Amino acid sequence: MMKRILIVTHSRDLHADSIVPLLEQRGQAPIRLDLDAFPRDYVLCQSVDGDGCRNRLRLLSSGDWIDLDQVGAVWVRKPADYAYRSDDLGAQERAYARHETEQALFGVMYSLDCFWMSHPRALRGAVWKGEQLKRAVRMGFRVPLSIVTNCPEEVRQFRDRVPGPIIFKSLSTPRLASDEMEAHERIVGGLGTTLVDDDMLDDLDAVAELPCHFQEYIAKDYELRVTVVGERVFAARIASQDDPRTMIDSRDMSAPIGYTACALPPDVARRCIDFVRSYELSYGAIDLIVTPGGDHVFLENNPAGQFLYVQQLVPTLAILEAIADLLCEQATCRS
């Protein structure tokens, strides 16, 4: 019997919506666990005794029990806040419920003997930007000169050492946690990569409040979004210098800049695969700069980064199909 594929995500994930038909075309009946509906809309049961461990899941809307020990591959997409049947849990009750839910859910998931894209432990270990830069250098990438500090004087000295402009770039999220706030609590929607101008230099004492991330500005010919799926590489060339809105930060999707398929030099492609695999990941979305001189400069790896927009802009980059193929192949291997 072919083992099944489990998708762990949330109910608004278009990536999961898009891959389910592809998996069904390949003979799969994928299981979807939407964390923003868990445990409210599910029943989870883990039984452990001297003969082993049994893990089951039931979606209340269907009533059918699913044997999670028959899962051969798990695609971990995106986290979400859990949901409970009671809407009036107090602050302590909700905090305790979250801790207990995580213990129950991950106690089950970690016990599964299956292929992961990618394991939560690997995902957690791969998100730290400072460590990524160190690893990228070790693996042969060029990286921007960088500093993370809450010492204003260190930033001033860094600025003096760098021959050109410097940028400020958030380590965690360019949304500045605005998506975690109620509308009335939001101060600002976000801040993308920003050139540090004279006004910012005059206000560097604010850096003492918390560690901040500064880098040298690297002149760009174009940028690359490199999506790694197992041993396959999909590179999209981003014409970020064609529009003033994306010259510094290409993430402004309101700018109609071009995305085209691009063949990486073999050594760069191999380095990208090896970088992702060094974290025991089976997926990664790497951002690179290509300089006017042709150097490939590493910016960061997004271990569960978005890719559907890339495929929508460049349909020849069949990333969804590659993920479906890999999940099905790995599930079959464990049947």
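Our structure is the block above this text.
All of these numbers come straight from a predicted model, not from anything done at the bench.

Draft legend 1. Spotlight on the overall build of the protein. For the protein, the helix and strand inventory stands at nine helices and 16 strands. Against the 2.2 N^0.38 benchmark of 20 Å for 335 residues, the protein shows a C-alpha radius of gyration of 22 Å, consistent with a compact globule. Projecting the C-alpha coordinates of the protein onto the three principal axes gives extents of approximately 65 × 50 × 40 Å. The buried share among the 335 residues of the protein stands at 44%. In the protein, of all internal contacts separated by at least 6 residues, the share reaching a separation of at least 24 is 66%. Surface accessibility of the protein: about 17,300 Å² in total, with carbon and sulfur atoms responsible for 51%. Averaging the coordinates of the 37 positive side-chain charges in the protein and doing the same for the 50 negative ones gives two points 5 Å apart.

Draft legend 2. View of the packing of aromatic side chains. Within the structure shown, the criterion is met by ten aromatic pairs. Seen from their ring centres, Phe106 and Tyr110 are 5.9 Å apart, and the 75° between their planes marks the pair as edge-to-face. On the basis of relative accessible area, Tyr110 is assigned to the partly exposed category, the value being 36%. On the basis of an interplanar angle of 65° and a centroid distance of 5.7 Å, the ring pair of Phe168 and Phe214 is categorised as edge-to-face.

Draft legend 3. The sheet that holds strand β4 (residues 52-59), seen in detail. Ordered by their spatial adjacency, three strands build an open sheet running β3-β4-β5, and the pairing between neighbours is antiparallel. With partners counted over all chains shown, the strands left at the sheet margins are β3 (42-49) and β5 (65-67), one partner each. In this sheet, adjacent strand axes meet at a mean angle of 25° when their direction is disregarded. Two strands pair when backbone bridges link them, and β3 and β4 are joined in this way by eight bridges, in the antiparallel orientation. In the strand pairing of β4, Val43 is matched with Arg58. Helix-sheet contacts for helix α2 (residues 91-109) involve β3 and β4, and the interaxial angle to β3 is about 60°.

Draft legend 4. Up close: the pairing of strand β15 (residues 283-290). For β15, the buried fraction is high: eight of the eight residues fall into the buried class. Side chains Tyr283, Ala285, Asp287 and Ile289 of β15 all project onto a buried face; the interleaved residues Gly284, Ile286, Leu288 and Val290 project onto the opposite face, where all are buried too. Judged from the eight bridges that link them, strand β12 (residues 222-229) and β15 form a sheet pairing that is antiparallel. When the bridges of β15 are listed, Glu223 appears paired with Ile289. Where β15 and strand β16 (residues 296-302) come together, six bridges link them in antiparallel fashion. Within the sheet, the bridge partner assigned to Ile286 lies in β16 and is Asn301. Where β15 folds back on β16, the antiparallel hairpin that results is connected by five residues, among which Gly294 adopts a positive phi of roughly 90°.

Draft legend 5. Fine view of helix α7 (residues 266-278). Helix length check: α7, at 13 residues, gives a terminal C-alpha distance of 18 Å against a target of 18 Å (1.5 Å per residue), a fit within 8%. Along α7, the residues that are buried comprise Val268, Ala269, Cys272, Ile273, Phe275 and Val276. All buried residues of α7 project into a common sector of 160° when viewed along the axis, lining one side. Where the residues of α7 are buried, they touch α4 (129-138), β12, β13 (232-238), β15 and β16. Looking one or two residues beyond α7, the residue adopting positive phi is Glu280, at roughly 65°.

Draft legend 6. Focus on the environment of Gly164. Here Gly164 is to be found in the loop between α5 (152-161) and β9 (166-168). Placed 40 residues apart in sequence, Gly164 and Arg124 show a C-alpha to C-alpha distance of 34 Å.

Draft legend 7. Local environment of the side chain of Lys3. Relative to the helices and strands, Lys3 resides in the segment before β1 (4-9). Comment: no salt bridge for buried Lys3; closest opposite-charge side chain is Asp113, at 6.0 Å. In this view, Lys3 contacts Gln28, Asp69, Gln70, Val71, Gly72, Ala331, Arg334 and Ser335; residues no more than four positions away in its chain are not counted.

Draft legend 8. Molecular detail of the nonpolar core. One finds Leu33, Val74, Val226, Cys272, Ile286, Leu288 and Phe298 to be the most contacted residues of the largest nonpolar core, which totals 48 residues. At six residues, α7 tops the list of elements feeding residues into this core. Those residues within four positions of Ile286 in sequence are excluded, and the remaining contacts are Leu224, Arg225, Val226, Cys272, Phe275, Val276, Phe298, Glu300 and Asn301. Counting 33 residues, the second-largest nonpolar core is a separate cluster that includes Leu22, Ile238, Leu320 and Ala324.

Rules used in this analysis
Residues numbered from 1 in each chain as written. Predicted model: local features only at pLDDT ≥ 70, side-chain atom pairs only at ≥ 80, totals over all residues. Heavy atoms only, no water. Helix = DSSP H or I, 4+ residues; strand = E, 2+ residues; numbered from the N terminus. Rg over C-alpha atoms; globule rule 2.2 N^0.38 Å. Buried < 20%, exposed > 50% of the residue type's maximum accessible area, 1.4 Å probe, protein only. Contact = heavy atoms within 4.5 Å. Areas by Shrake-Rupley, 256 points an atom, 1.4 Å probe, with all protein chains shown as cover. Lys, Arg positive; Asp, Glu negative; His and termini not counted. Charge placed at Lys NZ, Arg CZ, Asp CG, Glu CD. Phe/Tyr/Trp six-rings, centres within 6.5 Å; stacked < 30°, edge-to-face > 60°. Pairing = 2+ DSSP bridges. Axes fitted to C-alpha atoms, helices over the stretch in contact; angles between N-to-C directions. Expected span 1.5 Å × (residues − 1). Arc of directions from axis to C-beta. Salt bridge = Lys/Arg side-chain N within 4 Å of Asp/Glu carboxyl O. Core = buried A, V, L, I, M, F, W, Y, C linked by side-chain atoms within 4.5 Å.

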